[in-house]
Amino acid sequence: MGQLGTEDLLHCSAMKIVVLYESRTGNTKRTAEYVAGAAAAAGADVKIASVASPPLNDLTSADLIFVGTWTDGIIIGGHMPGGRKNLYALPDLWDIPVAGFLTHAIHPGKVTRAFAKLLAYKGANVLVVRTFNRRNVPDGIAEFVADAIAAAGIDVGASN
Ligand SMILES: Cc1cc2nc3c(=O)[nH]c(=O)nc-3n(C[C@H](O)[C@H](O)[C@H](O)COP(=O)(O)O)c2cc1C
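Residues numbered from 1 in each chain as written. Predicted model: local features only at pLDDT ≥ 70, side-chain atom pairs only at ≥ 80, totals over all residues.

Draft legend 1. Examining the overall build of the chain more closely. The secondary structure content of the chain amounts to six helices and six strands. Ordering the α and β elements of the chain from the N terminus gives α-β-α-β-α-β-β-α-β-α-β-α. The buried share of the chain, reckoned over its 160 residues, is 42%. Long-range pairs, those at least 24 residues apart, make up 75% of the contacts in the chain between residues at least 6 apart in sequence. (Helix = DSSP H or I, 4+ residues; strand = E, 2+ residues; numbered from the N terminus. Buried ≥ 20, exposed ≤ 12 C-beta atoms within 10 Å, placed from the backbone. Contact = placed C-beta atoms within 7 Å.)

Draft legend 2. Representation of the environment of Glu143. By secondary structure assignment, the location of Glu143 is in helix H6 (residues 141-151). By C-beta crowding, Glu143 is classed as exposed, having 11 other C-beta atoms within 10 Å.

Draft legend 3. Just the site of the ligand, in detail. Taken together, 21 residues are adjacent to the ligand, and Ser23, Asn27, Thr28, Trp70 and Gly73 come closest. Of all the secondary-structure elements, those providing two or more residues to the shell around the ligand are helix H2 (27-41), strand E3 (64-72) and strand E5 (97-104). Grouping the amino acids of the shell around the ligand by side-chain chemistry returns six nonpolar, 11 polar and four charged. (Near = placed C-beta within 6 Å. Nonpolar A, V, L, I, M, F, W, Y, C, P; charged D, E, K, R; others polar.)

Draft legend 4. Helix H5 (residues 111-121), seen in detail. Among the residues making up H5, those that are buried are Val111, Thr112, Ala114, Phe115, Leu118 and Leu119. Within H5, the buried residues cover an arc of 160° as seen down the axis, which keeps them to one side. Facing away from the buried side of H5 by more than 90 degrees, the exposed set consists of Arg113 and Tyr121. Once H5 finishes, Gly123 follows within two positions and takes phi at roughly 95°, a positive value. (Arc of directions from axis to C-beta.)

Draft legend 5. Broad picture of H6. Buried within H6 we find Ile141, Phe144, Val145, Ala148 and Ile149. Seen end-on, H6 carries its buried residues on one side only, within an arc spanning 130°. Opposite the buried face of H6, by more than 90 degrees, sit the exposed residues Glu143 and Ala150. Buried positions along H6 lie against H2, E3, E5 and strand E6 (125-133).

Structure follows, in structure tokens:
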């Protein structure tokens, strides 16, 4: 075995972030990819997967999990996180810091509140939930990821 270089040390101690997405037509998946990219750019070790097939080992050791889905409603009301069946089927997120995000088309109503409730029901330590208009992605994604990392108290910049 050779000596460990700085890159290896940084990698060994990088904070672990998992990004999960639920997506019907690709907007939330695309948004999740931007979230994952911003987290990686901040120095984290990032895994991305669909809500339907979560990487269980990575979830249990994650410092922060992002969970994304789409807005389901009748535009003027009844806004709920989409893909609830898969979201409820996630393993218990007991006490893990979680940042939720959604995409919407026109009017998200109070969907962030409903999603925060769902994530809390799953046991998550909900830090922040934000929704993004599908037309404007990736606007605001870098700030959202930075806010979530700060709220989780992760100092990814000082990983060794
Ligand atoms: C059944 C259904 C209901 C929706 N209801 C709303 C809504 O109430 N408000 C809104 O802004 N967008 C609504 N949308 C739009 C989606 O939330 C939006 O297109 C989202 O970006 C889709 O994400 P996806 O491509 O990851 O599936 C609805 C979409 C569907 C399919």
